[in-house]
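Examination of the molecular architecture
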Amino acid sequence: MLDRQIPLQDWPRRAALAHFRTMRHPSFSVCARVDVTGLRERALRHGASPWLAYHHAALSAANEIDALRQTLDGDGVREFAQVHASTTVLRDDGSFGIVSLWHQQDLAPFAAAARPRVARAKAAQGSLFAGDTDAPPEACLLHLTTLPWLAFTSFTHARGEGDDRPKIAFGRITAELTPQGERQFMPVSVDVHHALVDGVHVGRFFERLQAHLDAV
């Protein structure tokens, strides 16, 4: 699969593109819980932390949804063959930095490549991007972040002018007693540009995210 320009004259979403792309606030956000019961133990078998495991699951799910691999490109729409992640890490000095994570199909090599990148970003000082070397192009990045202190029920992302990148936030994992026994849940917020992404795409993302979490 290669990057491509979408032929808009045949694109079913061309009316939605025209309607939403000029709005001052064209994004919308959805927050839902996913089941992460046993994720820690399963992730360890791949040499990954839960943090790396759910980042990998989200990135894998997003790559399976065409709309989440698209960006506005002038008057047109470009679709990437693959998207990667840019996510926040808490630095040793109490500030936060940003590290990019290259998508890989399997969790073990993804985690092995991500660990030294995360370590460099955590130890860096100064620029938000200090320590983030060999990063993918910004246009093909999803923006991710984690708030492990809060089991939030909604989330609002900062967006700059012309920012159409999908944004995903992960919250605090909490335990809950269910008829099936104790389960662990994590809130996930997905914020997208409506010129590119509809509710059906977000729904499919959550379906694929849960499937990838279950498959770890």
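None of these values were measured; they are calculated from a predicted model.

1. Focus on the layout of surface pockets
- Quantified by volume, the largest pocket comes out at close to 430 Å³.
- What lines the largest pocket is a set of 18 residues, among which W51, T88, V89, L90 and T146 lie closest to the centre.
- Looking at the lining of the largest pocket, the elements with two or more residues in it are α3 (50–63), β5 (84–90), α4 (107–123) and β7 (141–146).
- Take the lining of the largest pocket: its biggest share by element is four residues, from α4.
- Of the residues assigned to the lining of the largest pocket, the class counts are 10 nonpolar, six polar and two charged.

2. A word on the side chain of R117
- With respect to the element layout, R117 can be found in helix α4.
- With residues up to four places along the chain from it excluded, the contact list for R117 reads V99, S100, W102, D132, T133, D134 and A135.

3. A few points about the sheet that holds strand β1 (residues 4–5)
- Spatial ordering of the open sheet is given by β1-β4-β3, a layout of three strands whose pairing is antiparallel. Each having just a single partner strand, β1 and β3 (70–73) make up the two edges of the open sheet.
- In this sheet, strand β4 (residues 76–79) lies alongside β3 in antiparallel orientation, the contact comprising four bridges. Residue pairing across strands places T71 opposite R78, the latter belonging to β4.

4. Description of the packing of α3 against α4
- It is at 10 Å that the axes of α3 and α4 come closest, and there the two elements cross at 120°. Relative to α4, the element α3 is oriented oblique. Regarding α3 and α4, the two cross each other, and that crossing is right-handed. Residues W51, L52, A53, H56 and L59 of α3 form the contact with α4, whose own contacting residues are L107, F110, A111, A114, R115 and V118.

5. A closer look at the pattern of salt bridges
- A complete count under the given rule lists 13 salt bridges for this structure.
- With a shortest N-O distance of 2.8 Å, R33 and E176 are connected by a salt bridge. Of this pair, R33 sits in strand β2 (residues 27–35) while E176 sits in strand β9 (residues 174–178), and the two are 143 residues apart along the sequence.
- Residue classification places R33 among the partly exposed residues on the basis of a relative accessible area of 47%.
- Ionic pairing is found between D35 and R183, a salt bridge with its closest N-O pair at 3.1 Å. Here D35 is found in strand β2, whereas its partner R183 is found in strand β10 (residues 181–193), with 148 residues between them in sequence.
- A relative accessible area of 17% places D35 in the buried class.
- On the accessibility criterion, R183 (28% relative accessible area) is partly exposed.

6. Description of a nonpolar patch on the surface
- Nonpolar side chains collect at one region of the surface, where L90, W149 and L150 lie side by side and expose about 340 Å² of accessible area between them.
- Along the chain, W149 falls in the loop between β7 and β8 (167–170).
- The exposed category is assigned to W149, whose relative accessible area is 55%.

7. Some remarks on the nonpolar core
- By size, the foremost hydrophobic cluster in this structure holds 53 residues, and its most contacted members are I168, V188, F205 and L209.
- It is α3 that provides the largest number of residues to this core, a total of eight residues.
- When neighbours within four sequence positions are excluded, F205 is seen to be in contact with A58, A61, A62, I65, L68, I168 and V190.

Parameters at a glance
- Residues numbered from 1 in each chain as written.
- Predicted model: local features only at pLDDT ≥ 70, side-chain atom pairs only at ≥ 80, totals over all residues.
- Heavy atoms only, no water.
- 1 Å grid on protein atoms, 1.4 Å probe; cavity = no way out; pocket = protein on both sides within 12 Å on 5 of 7 lines; lining within 4 Å.
- Points joined across faces, edges and corners; volume = space filled by probe spheres on them.
- Helix = DSSP H or I, 4+ residues; strand = E, 2+ residues; numbered from the N terminus.
- Nonpolar A, V, L, I, M, F, W, Y, C, P; charged D, E, K, R; others polar.
- Contact = heavy atoms within 4.5 Å.
- Pairing = 2+ DSSP bridges.
- Axes fitted to C-alpha atoms, helices over the stretch in contact; angles between N-to-C directions.
- Parallel < 35°, antiparallel > 145°, perpendicular 65-115°, else oblique.
- Left-handed = near helix turned anticlockwise from the far one by under 90°.
- Salt bridge = Lys/Arg side-chain N within 4 Å of Asp/Glu carboxyl O.
- Buried < 20%, exposed > 50% of the residue type's maximum accessible area, 1.4 Å probe, protein only.
- Patch = residues over 30% accessible without salt bridge, like charges linked within 9 Å, V, L, I, M, F, W, Y side chains within 5 Å.
- Areas by Shrake-Rupley, 256 points an atom, 1.4 Å probe, with all protein chains shown as cover.
- Core = buried A, V, L, I, M, F, W, Y, C linked by side-chain atoms within 4.5 Å.

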